[in-house]
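Here's the letter readout for the chains.
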Amino acid sequence: MIESLWGALPEALQTTIVIVAKIVAIVVPLMLTVAYYTLAERKVIGFMQVRIGPNRVGPRGLLQPIADAVKLMFKEIILPTNANRFLFVGAPLLSIAPALAAWAVIPFNETWVLADIDASLLYILALTSFGVYGVIIAGWASNSKYALLGAMRSAAQMVAYEIAMGFALVGVLLAGGSLNLGDIVQAQSGSILHWFWLPLFPLMMVYLISGVAETNRAPFDVAEGESEIVAGFHVEYSGMTFAVFFLAEYANMILIAALTSLLFFGGWLSPFQGVPLLGEPSLFWFLLKTAFFMFCFLWFRATFPRYRYDQIMRLGWKVFIPITIVWLLVVGLAVVVELPWWFD
Amino acid sequence: MGFDKLVFYVFAAVLVFAALRVITCRNPVHAVFYLVLAFLNSAGLWLLLEAEFLAMTLVLVYVGAVMVLFLFVVMMLDINVAEMRAGMRRFAPVGVGIGILLVVEMALIVRSSAFSPEKFGNLVRSPADYSNTKALGSVLYTEHVYAFEIAAVILVLAIIAAIALTLRKRPKTRYQDPARQVSVRREDRVRLVDVPSEKRG
């Protein structure tokens, strides 16, 4: 019955329905992860600071994200006087759209990927470079000098770290010999020592740290900077528009964690490759690695004091970019001479 | 009409609209956003032509970097529209003249045999595993290597020129040296002195 109904649909509609279903299957778990990531953040940081963290709403505080979401949804959205309405409301959308769209090319295992395109690494680079617009537009459209100055700060930071990140990705595509994320993971097949974290160790560190800076997270969260400036570019935002900025920030953190595990830690490949049962590649490994790097984001926040702004800029331009360029030469040489173990 | 044709017309229409708004917009910041929209739509057109590398690079370089710097500058400037319109009458004939010249030149090129439909009539769709990036790279680093290198040198020159223009050292400017700041030890900064206590009297 259902099959015959399905068959009666035109082919174009069938494809559309399948694609939409896949998108839902990615976005819904992602949004749930974002919601519970905020809870995990408060719990983990609470634990590290010897506090309890949220424990009032629901059993052990498990319903806290739902309560937060409901609160934010029903809060009034205040438009500042003389603010540019269209851009003011559009800015949060512009920051969440790239954060979600990038997930289209993330492979979850050998076959589970929404769009298996050839240039998926380039696509990721292009989309993550887009995120800075949400920040700039938010700062400008608020018609407030605090927001504008905050936007300039974080935009300059994001642009600086994007370059180092891009160079680190160039190293990965050199080593993997492909722009396709799935192929890059396959190129790391072998054992835990075949994964790219070892030959590309400096690039991996640069990528991870730049990822933290790119998402404006502690210790690079001068955009937030609660002790110096109020909240940077989103100081005028309230209610749902404010919440969307945070959704974007957390979705970006998860994206960086997923990309780190794909590009440098073998994605869905098992660390015990060759061992029966445990050595099978599976979605489970990918999620485990991603969860670890997501935890690292929280760990950093609880551990490091905030960077001074001039030190952030110095680290990005004068330390990371030279490191990546030098290591690109090393990787290029290793690929040319077909260095045994990794590139043969 | 196939789906890709529909997509083409949507992209093309938005592109032309955005390009027109770039020059008719009164607010310079809006004009920059329309330019971003125009870039995105032309990237979409390139994707339709299966030039995914060019499309992604356009977004990455122009939308992600160049336009951000544009926005920085435009937002910081307080542009007075009335002042800009002052010379309108004087410059209009020159502008119209250059515009006509550009249209004539483009018409000449587009109508020439190099762009004739016969020449592109037998375009083939490349198979799915054809890598546009690889093809571009292999031509760029072999056939056109000199042009490529010269372009790179010109870009480096531009970087050096920009740095040379902005890097001014005045004798009184003070800089922080992070290496020295980091390597500071307690002994360099703290000196413990024994102060003899006063006699109680």
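Refer to the structure above for everything that follows.
Computed from a predicted structure; not experimentally measured.

Caption draft 1: Highlighting the overall build of chain B. Secondary structure assignment for chain B yields 9 helices and 0 strands. Its helices and strands in sequence order give chain B the pattern α-α-α-α-α-α-α-α-α, from N to C terminus. Relative to the globule expectation of 17 Å for 201 residues, the C-alpha radius of gyration of chain B, 29 Å, shows a markedly less compact shape. In terms of principal-axis extent, the alpha carbons of chain B reach across some 110 × 55 × 35 Å.

Caption draft 2: Examining a nonpolar patch on the surface more closely. A surface patch of nonpolar side chains, amounting to about 690 Å² of accessible area, comprises V96, I100, V104, L108, I109, V110 and F115 of chain B. Position of V110 of chain B among the secondary structure elements: in helix α5 (residues 88-111).

Caption draft 3: View of the packing of helix α10 (residues 239-263) of chain A against helix α11 (residues 283-303) of chain A. Residues and elements named next belong to chain A. Here α10 crosses α11 at 125°, and the two axes come no closer than 8 Å. Classified by the interaxial angle, the pair formed by α10 and α11 is oblique. Remark: the crossing between α10 and α11 carries right-handed chirality. The segment α10 lies against α11, with M253, I254, I256, A257, A258, T260, S261 and L262 engaging F286, K289, T290, F293, M294 and F297. The residue makeup of the contact of α10 with α11, split by class, is 10 nonpolar, 3 polar and 1 charged.

Caption draft 4: Structural detail: the interface of chain B and chain A. Between chain B and chain A, the residue contacts involve 26 residues of the former and 27 residues of the latter. Carbon and sulfur atoms supply 76% of the area that chain B and chain A bury against each other, a total of about 2,200 Å² over both sides. Between chain B and chain A we count 0 salt bridges in total. For the pair chain B and chain A, the number of links is 2 residue pairs in polar contact (both at pLDDT 80 or more). Among the elements of the structure, α2 (28-48), α3 (52-76), α6 (132-140) and α8 (178-182) of chain B are those that each provide at least two residues to the side of chain B that touches chain A. The biggest single contributor to the side of chain B that touches chain A is α3 of chain B, with 13 residues. Within the side of chain B that touches chain A, the residues separate by chemical class into 17 nonpolar, 7 polar and 2 charged.

Caption draft 5: Up close: the packing of aromatic side chains. Inspection of the entire model under this criterion finds 24 aromatic pairs over all chains. For the pair Y207 of chain A and F264 of chain A, a centre-to-centre distance of 5.7 Å together with 50° between the ring planes defines the contact as tilted. With Y207 of chain A in helix α9 (residues 201-214) and F264 of chain A in the loop between α10 and α11, the pair connects residues that are 57 residues apart, well separated along the chain. Both residues of the pair, Y207 of chain A and F264 of chain A, count as buried. Consider the rings of Y141 of chain B and F148 of chain B, whose centres lie 4.9 Å apart with planes at 70°: the pair is edge-to-face. Through successive ring pairs, a cluster of aromatic residues spans Y37, F242, F246 and Y250 of chain A. Positioned above the aromatic ring of W195 of chain A, the side-chain terminus of K289 of chain A is 3.9 Å from the ring centre.

Caption draft 6: The pattern of salt bridges, seen in detail. Residue and element names in this part refer to chain A. One pass over the full model with this rule turns up 6 salt bridges over all chains. Here R217 and E41 are joined by a salt bridge, their closest N and O atoms 2.4 Å apart. Remark: E41 occurs in helix α2 (residues 11-48) and R217 occurs in the loop between α9 and α10; sequence separation between them is 176 residues. E249 is the partner of R217 in a salt bridge, and the nearest nitrogen-oxygen pair spans 3.1 Å.

Caption draft 7: The side chain of T260 of chain A, seen in detail. Residues and elements named next belong to chain A. Relative to the assigned elements, T260 resides in helix α10. Of the residues examined, T260 reaches a relative accessible area of 0% and is grouped as buried. With residues near it in sequence (within four places) discarded, T260 still touches Y207, L208, F265 and F293.

Caption draft 8: Up close: helix α6 (residues 132-141) of chain A. Across the 10 residues of α6 of chain A, 10 count as buried, placing the element largely inside the fold. Within α6 of chain A, the full set of buried residues consists of V132, Y133, G134, V135, I136, I137, A138, G139, W140 and A141 of chain A. Buried residues along α6 of chain A sit against α4 (85-101), α7 (145-176) and α10 of chain A together with α2 and α3 of chain B. Trailing α6 of chain A by a residue or two, N143 of chain A shows a phi angle of about 55°, which is positive.

Caption draft 9: View of the layout of surface pockets. Roughly 2,300 Å³ of volume is contained in the largest pocket. Lining the largest pocket we find 45 residues, and of these F167 and V170 of chain A together with T57, L60 and V61 of chain B sit closest to its centre. Top element by residues in the lining of the largest pocket is α7 of chain A. It accounts for 11 residues.

Caption draft 10: α4 of chain A, seen in detail. All names here are of chain A. Along its 17 residues, α4 runs 25 Å from first to last C-alpha, staying within 8% of the 24 Å computed at 1.5 Å per residue. At A91, α4 shows its strongest bend, of approximately 30°, with the proline P92 following within four residues. Listed in full, the buried residues belonging to α4 are L87, F88, A91, P92, S95, I96, P98 and A99.

Caption draft 11: View of empty space enclosed by the protein. All names here are of chain A. Considering all chains together, one arrives at 1 cavity of 30 Å³ or more under this definition. In this structure, the largest cavity spans a volume of roughly 50 Å³. If you go around the largest cavity, the residues you meet are I124, L125, T128, E162, M165, L169, Y207 and E214. For the lining of the largest cavity, the elements supplying multiple residues, two or more each, are α5 (120-128), α7 and α9. Looking at the lining of the largest cavity residue by residue, the class counts come to 5 nonpolar, 1 polar and 2 charged.

Caption draft 12: Layout of the nonpolar core. By size, the foremost hydrophobic cluster in this structure holds 113 residues, and its most contacted members are W103, I106, Y133, L181, L263 and F264 of chain A. By residue number, the principal contributor to this core is α7 of chain A, which donates 15 residues. Excluding anything up to four places from it in sequence, Y133 of chain A contacts L94 and A138 of chain A together with F33, V36, V63, M67, V68 and L71 of chain B.

Caption draft 13: Fine view of unusual backbone geometry. The backbone of V50 of chain A sits at a positive phi, close to 55°, despite the residue not being glycine. Structurally, the position occupied by V50 of chain A is in the loop between α2 and α3 (64-74). Unlike most non-glycine residues, E50 of chain B shows phi in positive territory, near 65°. Mapped onto the fold, E50 of chain B is located in the loop between α2 and α3.

Rules and cut-offs
Residues numbered from 1 in each chain as written. Chains lettered and ligands numbered in written order. Predicted model: local features only at pLDDT ≥ 70, side-chain atom pairs only at ≥ 80, totals over all residues. Heavy atoms only, no water. Helix = DSSP H or I, 4+ residues; strand = E, 2+ residues; numbered from the N terminus. Rg over C-alpha atoms; globule rule 2.2 N^0.38 Å. Patch = residues over 30% accessible without salt bridge, like charges linked within 9 Å, V, L, I, M, F, W, Y side chains within 5 Å. Areas by Shrake-Rupley, 256 points an atom, 1.4 Å probe, with all protein chains shown as cover. Salt bridge = Lys/Arg side-chain N within 4 Å of Asp/Glu carboxyl O. Axes fitted to C-alpha atoms, helices over the stretch in contact; angles between N-to-C directions. Parallel < 35°, antiparallel > 145°, perpendicular 65-115°, else oblique. Left-handed = near helix turned anticlockwise from the far one by under 90°. Contact = heavy atoms within 4.5 Å. Nonpolar A, V, L, I, M, F, W, Y, C, P; charged D, E, K, R; others polar. Buried area = accessible area lost by both parts, 1.4 Å probe. Polar contact = N/O pair within 3.5 Å; in protein donor to acceptor, adjacent residues only side chain to side chain. Phe/Tyr/Trp six-rings, centres within 6.5 Å; stacked < 30°, edge-to-face > 60°. Buried < 20%, exposed > 50% of the residue type's maximum accessible area, 1.4 Å probe, protein only. Lys NZ or Arg CZ within 6 Å of the ring centre and 35° of its normal. 1 Å grid on protein atoms, 1.4 Å probe; cavity = no way out; pocket = protein on both sides within 12 Å on 5 of 7 lines; lining within 4 Å. Points joined across faces, edges and corners; volume = space filled by probe spheres on them. Expected span 1.5 Å × (residues − 1). Bend = angle between axes of the 7 residues up to and from the residue. Core = buried A, V, L, I, M, F, W, Y, C linked by side-chain atoms within 4.5 Å.

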